[in-house]
Each structure stands twice: as C-alpha cells, then as structure tokens.
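Architecture at a glance
Residues per chain are reported as follows:
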Amino acid sequence: MSSSSTARVSSRAERRTTNDNGSAQPRAPSGQTGGRGERLDSRRTQSPQPSTAGTSHKRTASGSQRTNRGVEERRTERVQITTRETLTRTRSPDRRPAPSAPPPERQRPAEPSRAHSGDPHPKSSKPETLPQAPWNPEVSLVPHTSAPLASRISIPPLASQAPQSLQPKPLQELSLEVQEAAILEDLLMVFMGYEGQYVRFSKNYNPAVEKDRLAGPGFKILPGLDPSLQDLTTSMLKMATHYAAIEAFVEVQSREEFGAVNHALCAAIRKLVQDYLILIAQLETQFLTNQSFTLHVLNLHTLPTSHMMYQLYSLAHEILKRNSLLEEDEDSDDGYDDIENILESLREGGDLGPGNIPGKKICKGGSVLGLITKRLETMSGDPAARSLLTSLLRDASRPYMMMLNEWLHHGSIKDPHAEFLVREQKSIKRERLEEDYTDEYWERRYTIRDHDVPPQLEGVKDKVLLAGKYLNVVRECGGVDVSKAVTDVPRSFDDNRFLDNVNSAYAHANESLLRLLLTTHALPARLRSLKHYFFLDRSDFFSYFLELGTSELRKPVKNVNTSKLQSLLDIVLRQPGSVAAQDPFKEDIKVEMNEVSLTNSLTRVVNISGIEQGETLQTPASQPTNESDKTAVGFTSLQLDYSVPFPVSLVISRKTVWRYQALFRYLLSLRYLEQQLVSCWQTHNRAASWSHKSSNRQVEMWKRRVFTLRARMLVFVQQLLYFCTAEVIEPNWQALMAKLNAKEDSKGGASPVRTVDELMQDHVDFLDTCLKECMLTNSRLLRIHSKLMQTCTFFATYTGWLSRELERTDPDLLGTKKPAQMNQQQWDRFKETQAQRNADLTASNAAGGGPSEEERLEKMFEIIQKYEVNFSRHLQILLDALNHYAATETVVLLGLCARLSTANQGTQYSGLRADEDGGAQA
C-alpha cells in the first residue's frame, strides 16, 4: 500500500472516531477521490425522503442528517474502499489517482438498498447483506510485450460479474438530481476507460480480446434514466469509446515490429492523451467543488476534446484496417516485401517476427505518413483537425527524416524495421560483381518500395534513390566521412528546405561519383583500352599474337592450352614497339575459350528476350549442341575477358563486357576468314598448278571461275569488316566520347549536370547500337550471315583439295616435260610438291584406277558451281534483307548494300527477291 493510501486510511479512521462520538460531522474532501463516494452515498441515503431544498443538487456533506447506523455502515464500507483502492491504484501508471473510485462505487449501492428496505435496526440487517459466496477479484501481471510502455496489469472484472449485493440502487428509484449526480460521476470514470455504476460495457464487448479493444467498447446505460439525461449521456459516451480505442491502439502500435514512424506517432498521441486526462481531472475538481456543474456544462467542456479524440480514433482505425487488425479480409498488395532480407536474417540467426512475415503486410513508414497526409488533405476545411494532423505528421515524420538524411548525406540505410522508401537487398554483395551478368548489384541492390513512398517524396523518389546509390559507391571507396554528423538539414516534412535538401544532396552525390569515375579511376582511359583490345583498333599486336598462336588456335577448342595463349598475349603486349606497351591496363586482359559458337550464342540472346534480363548467357540444358560447336577450333572460340575494379565495374559491368566480347568475336571471325581467303589468294598466285596457263581450255576456264569466286568472297568479307569498324563502331565511339566530355565539362557549370546513370546508359546504348548495326541482333540476318560465312570458310578450307584435283586433271601437269606456258622456276617448284604426293597418287590409282580426266573435270565444275550458287544466292538474300531493314530500322545499312552489291553483279542471282528467302534457307 502506498504512503498516500495509508494517510487517507488513517484520516478516515479519525473521522470515523469523531462521528461515532457525535462530536463532529464528516467533511467533504475537495481533492480526494474517495470524497465523491461519501457524498454520493449521502445523497442516496437521503433520496427516499421528499426533498424540500429545491431542485439544485447539493454536493456538500450531509452526514448530520444520517443516523448512527449510517455512520456504522460507512465505517464498514470505508474499510472496503481502502482495500479496493490498493488493488486498482496501479492499473495504469500514467493515471494513478483516477481509478480509485470505480470499485467503491460498485460496492456503495449496498447502503442505499439497506436504507430503502425500511428496517430500523441495522444490526438485524447485517446478516442479510453478507454475500453467499466470497467475491475476491485479484490483480496479476501480464507477460511483457515489445511495447515498452504497455500496461502489465490484468484487466479488472466486469461490473456485470459482481454479486447482486454490490449492484447499485435502480435509477428509477432515484430523484432527477441524484440521477444527474450519479451519471456525472459515472461519466468521469467512463471517460478514463472504466465502468461506472450505471454506465457499463455492452454485452458484446470483451476486454480480453484485442480486436474488441482496438475497435473501442460500446456502453449501455442501466434502465430508468430520465429521458432528459439519456440523450446527452449517450452522445458523450462516444468520446469514452474513442479514448479506450486510442489507448489500445497506442499499446499495439508501439510494438517493435510496427516501426519507428508508428512509435513516433504513438508518442505524439500519448502526449495528447495525457492532456485529455488532465482535462478529466479538472472536470472532476469542478464536479466536487462547483454546485452549478451539470451534465450540460460537462458536455460543453468536452466538445473540443471530443472532436480531437474522434480525429485520432478515425486515423487509428484507418491504420488498423491497413494492418488487418480490424478486418481480416484486407488485401495486401506487396506481400513478399523484403523476402531477401528475411532470408538473410534467417541465415544470420534471426527469426521471423510478426513484422517480417512475407504474407503479412504491415502499415508502417511511408504508408503511415501517406495516410496522415491524405487525411490532412481531406480535413483541410477543419482548422482544428488540420492543426492536429499537422502536428502528428510533424512528429511522426521525424524518424523517417533521420533515415532520409542518413541516406542522402552518407549513402547508408539505418532501417531496422524495413519502412524506408529504399529497400536494401543485403544478399546482393559487391563481391559478386565479377560474375554478375545482369547488373544485379546496381539495379537490384537498392530499389524503391513503390507502395510505401510518402506523397511528399513521390515526385523526387528517383533522385532520392540515385543520390543514396551514388554516395554509397563513393562511401565504399572511402570518399564519404560517415563519422561526420548531418547538421542543418530539415527534420520534418513541413520544413521549407525539404525539397532543396533532396536536390542539393542529389547534385552533390552525382558530382562526387562522376569525379571519382572520370578522374580518380580514369574511366575514359579504360574505355579507350577496351576499344584497342576488343574492337581491334590499332591492332598490330593482335596480328602478331594470332601469328604466334596459330599452331595452338588450329586445335579443337577442348585441346587448346589457354595458359600458353595467355603467355603469348602477355609477351606481345609487352613488346616495346607495340601500341599496347604503354597501356596501364594491359594486365586486366585475359584469354579464354567459349565453346559455344558466336552464331548460337547470339541466336539465344535474340530468342530469349534480350540481354537486359541476363538469361541470355545461360544455355538451356535441353538445347542440343550444334555441329558447329562440336567442330569448333581455337580461332572460332577465342575471346578476351576484361577484369575491372570497383567502382568502374558499375559502368564496365559484366553485361557490357559480354557485348564487347560478342563484337570482338564477330570482328575476329571476319578477320580470320579474311586471313584464310588471303592465304587462298597466295596459293593461287604462288602454286605452279594455279599460276601457269593451261593448254586445256576447260581447265583454264575452271581456274578463272575459282579466282572470280575467291575475289567475290574476299570483297564480301573486307567490305563487311570495313563497314563494321569504320562506319559503325568508330562514329558511335566518337559520339560516346563527345557525351563523356560533356559530362566532364558539366562539372564547371557550362552545361546541365548529367548523371552517372545517364553515363552508364550511354555506354550500354553505344554497345547496343553497334550490335544492331553490325546485324547481330536480328535472327534472320544472323542465319543468312552464318550461311555466307560457312560457304566462304568451306571454300577457303578446301583450297588444298582443289589444288590436288587440279594437278590430276590438268594434262600439262601429268607429263614429265615442262609445259611451254610454265617457266623453269615454276616447274621446279611443282616437281618438288609433286614428289611428296607421288606415293599417294600411285596408291590410289593402283587401288581403284581412278576416274578419267573428263569425269574428274566434270566433277570439279559441279563443285565450283555449287559454291557459286550457294554464295550468290545467299548474298542476294542478304542484300534484299538489308534493303528492307535499312528502310524500316536503320538507314546505315544502305551503304553496306551498295558495297556488297558489287560482289554479285553479273550473276544469275542478282535479281533474286526477298520472297525466295524461304527456299534459299531450305
């Protein structure tokens, strides 16, 4: 028992002694809660007698009119009051003086009922008032919750559960004045969340059910109240319902899983509730001291507060509906929020709290601020509501603004409750950049929670995201002092500097990262290095590398020694006369083999959905390997890799390196095919069997057709290579460098500030344009181009076989004498070559006799005709397709059409139209 309770008990004991001796009458204490019970008890004792004092209700003590029996009964009752005070004083820490009255009021009605019974002998009435079964309600402690200020005292029993002996006297037996006094006293208790004697919770309300507490209790008035008081009392009971619901809302929303914004909102509401309780205490003082304090006066005093409580209740009700705490069927439109973070917390030993369950959407953070802002707009015509909601928004937004300022000025997220508008996927780490073909670190490491963006940030959410992302990169490179506190920044949404803070932070972060990339990490120099290596720009070193590694690159791809090729490349790059010798980034170039052919790889890119999703680099398990993949050699599978440190890897990411590799393999295939055709030309010029003029007109005609076909193929390959390098890559490269220089100039304020994201997008656009204009993103052009390349490759590969067949067919080369059209040097060279083949020729002639010269010559004409038909037909199909796409997609292909058409003039397929594409492909 507290010291104040002990003092009151001793004081009452002295008054009881004085009353028993008849020397003094009981006085009404002005500041004690128990005084209300004595005065109301006195009024109830006098109520059966006719009143002649007038209609006004007297709140002074009336003990002089009571008998000694009344004093005796009060003595017994006061002892019970003291016991009940001890049990209920600690029900709620923030309003200890208030709840001392309700339990005594539940017991005091026993006195008027005895006085009304008409028994003049109090001693004979005592046995009748003893309860049949003892009713001893006990208080207990409830378990802790994550809400630090939540009540831990058990809920008191309902008044309807009290025994009949403790029930008050019926209202219809009381006069109007006493009814008003009793209802006033009950309302003061009900306003604090307790039941009164005549105003009680409705039957369908269960205080043990959280959903009922959050919805607020309904109240019922016991029958018999005068109609003049009934309506006014009923209207004031709404404020009591709102107060009880707000108390429950504050306790629930203060739990840890509801986030810092909800906690700040509950703290602001708790201050308002404290002012509300102070008002109730002041009204109680008026009730005790002012005789003119009536039900109407109470209603007038509570009207502004009732409006405030209604606004708080409406806001709380809307938030609870969003949290599915009032309506079970509330939809949730972002159910999997932060699944990655949940899995990450489980890996680190965390657990699934109520706020982290994927299927349970909690209204917190920006959603709560959005609700307050929406209600503020709706209630803009109500000055009181606007002032209240503005104050709540200011207080609730403070923790959100702390997170926003930390993100804008330090690039870090301190969001333990996942309520900030920027979501961080902790499982996506920087170490995965080396294997990240989808730019996952940059695109998905930080994303926006679109459903949790406050309305105040809706217009600048992209700037907020980018500002933090840029600073995050600079911070990881040591460019941001995170220990420096953020000062002189807005702390709430109603600050006039709010938008200026976002814009200035965005500009500063963008400038910091641009300076870090362009100056500290020399991004332009790295891009030029990539151009040298991947686009074969000034590639004298690469020609030397191909020459040194020819023996290794001719092997099947699975037998190629990559380490040997890497050593050869390192030797070439360090040659003093090489262009790459002065390149500071030459150590980042690596040699590797790709067993998937270029055409198959690009076809998968086109067929899946494009390289933006990253699925393009993954070969489906069910897709069979093509023959071209099985027969691939080192030349067709060679590709370069480029390792880039952070943060340059954000711009030169794995996704962009893949594009560089695709263009490199395409240019290398053209360069290798050109080299094969040049070797074929050298053979035709140096070999005696090809260079001398045969006496057989048919053989000479066949050789001329071979020469012409070789020249047409060489024109095709060289024009295509020139087009890709000089008319596609170089102009687009110059455009990219111009944009990059504009970004460098923008730091001085000469041009509008450009962003790092624009720089990254410009780089990707440059590569995508090159891929598109090099005809590597169109499946139809890829198929036609692949067939042309195969035809040229087969022709160049079988040059040796054609030379042997020519030696067997040309009659000038079958004899032992030198032909007249051949000089001595050519004859000697031919004899040396022929001596190496004599054994094979003799064996084959002896085994099968061999075909005649006429049959062999006819077969050779058929073979060369097949090559001519294949090349001419597919070339014309390619020209028609290029004309079509030049008119519909990119006009740059028109120049290529003009150059390639010269390789097909004068043939029977020069008039072939695109409608024959299907037959040609078949």
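What counts as what
Residues numbered from 1 in each chain as written. Predicted model: local features only at pLDDT ≥ 70, side-chain atom pairs only at ≥ 80, totals over all residues. Heavy atoms only, no water. Buried < 20%, exposed > 50% of the residue type's maximum accessible area, 1.4 Å probe, protein only. Helix = DSSP H or I, 4+ residues; strand = E, 2+ residues; numbered from the N terminus. Pairing = 2+ DSSP bridges. Salt bridge = Lys/Arg side-chain N within 4 Å of Asp/Glu carboxyl O. Disulfide = S-S within 2.5 Å. Core = buried A, V, L, I, M, F, W, Y, C linked by side-chain atoms within 4.5 Å. Contact = heavy atoms within 4.5 Å. pLDDT = per-residue confidence, 0-100. Phe/Tyr/Trp six-rings, centres within 6.5 Å; stacked < 30°, edge-to-face > 60°.

Considerations on the pairing of strand S6 (residues 638-642)
Burial runs high along S6: five of the five residues are buried. Judged by which residues are buried, S6 turns out to be covered on both faces: Leu-638, Leu-640 and Tyr-642 on one side and Gln-639 and Asp-641 on the other are all buried. Bridge count between strand S5 (residues 589-593) and S6: five bridges; the pairing is antiparallel. Opposite Lys-590, over in S6, you have Asp-641 as the bridge partner.

Observations concerning the pattern of salt bridges
Summed over all chains, the structure comprises 23 salt bridges. Here Arg-445 makes a salt bridge to Glu-424, at a shortest N to O gap of 3.0 Å. Within this pair, whereas Arg-445 is found in the loop between helix H15 (440-444) and strand S4 (446-448), its partner Glu-424 is found in strand S3 (residues 422-424), the two being separated by 21 residues in sequence. In this structure, Arg-445 and Glu-424 share a single accessibility class: buried. Connected through salt bridges with shared partners, the residues Asp-450, Glu-458 and Lys-461 form a single ionic network.

Examining the state of the cysteines
Each disulfide consists of a covalent bond between the sulfur atoms of two cysteine residues. The tally for this structure, following the rule as stated, stands at zero disulfides. A disulfide-free cysteine, Cys-770 has its sulfur positioned 6.2 Å from the sulfur of Cys-774, the nearest such atom. Judged by its relative accessible area of 0%, Cys-770 falls in the buried class.

Things to note about the nonpolar core
Grouped together as the largest cluster of nonpolar side chains are 222 residues, with contacts concentrated most on Leu-265, Leu-392, Phe-534, Phe-545, Phe-716 and Phe-795. The element best represented in this core is helix H27 (residues 697-746), accounting for 19 residues. In this view, Leu-392 contacts Leu-265, Ala-268, Ile-269, Leu-272, Leu-312 and Leu-315; residues no more than four positions away in its chain are not counted.

Focus: the side chain of Thr-373
The topology assignment puts Thr-373 in helix H13 (residues 366-378). On the basis of relative accessibility, which here comes to 9%, the residue Thr-373 falls in the buried class. The residues contacting Thr-373, other than those within four sequence positions of it, are Leu-393, Pro-455 and Gln-456.

Concerning the confidence of the model for the protein chain
Segments scoring low in pLDDT should not have their predicted coordinates read at a detailed level. Overall, the predicted model of the protein chain reaches an average pLDDT of 75, with 69% of residues at or above 70. Considering each helix and strand of the protein chain separately, the mean pLDDT is smallest for helix H5 (residues 110-116), with a value of 37, and largest for helix H10 (residues 259-289), with 95. Under a pLDDT of 50 for its full length, residues 609-627 has, in the predicted model, 27 contacts with residues more than four places off or in other chains. Note on residues 747-753: pLDDT is under 50 here. Beyond four places in sequence and across chains, it has eight contacts.

Remarks on the packing of aromatic side chains
If you walk through the whole model with that rule in mind, you get 20 aromatic pairs. Taking 5.6 Å as the distance between ring centres and 80° as the angle between the ring planes, the aromatic pair formed by Phe-542 and Phe-664 counts as edge-to-face. A residue pair is termed long-range when its members are at least 10 positions apart, and Phe-542 in helix H19 (residues 540-548) and Phe-664 in helix H25 (residues 654-686) qualify at 122 residues. For Phe-664, a relative accessible area of 0% translates into the label buried. Members of the aromatic cluster, joined through ring pairs, are Phe-534, Phe-535, Phe-542, Phe-545, Tyr-642, Tyr-660, Phe-664, Trp-733 and Phe-766.

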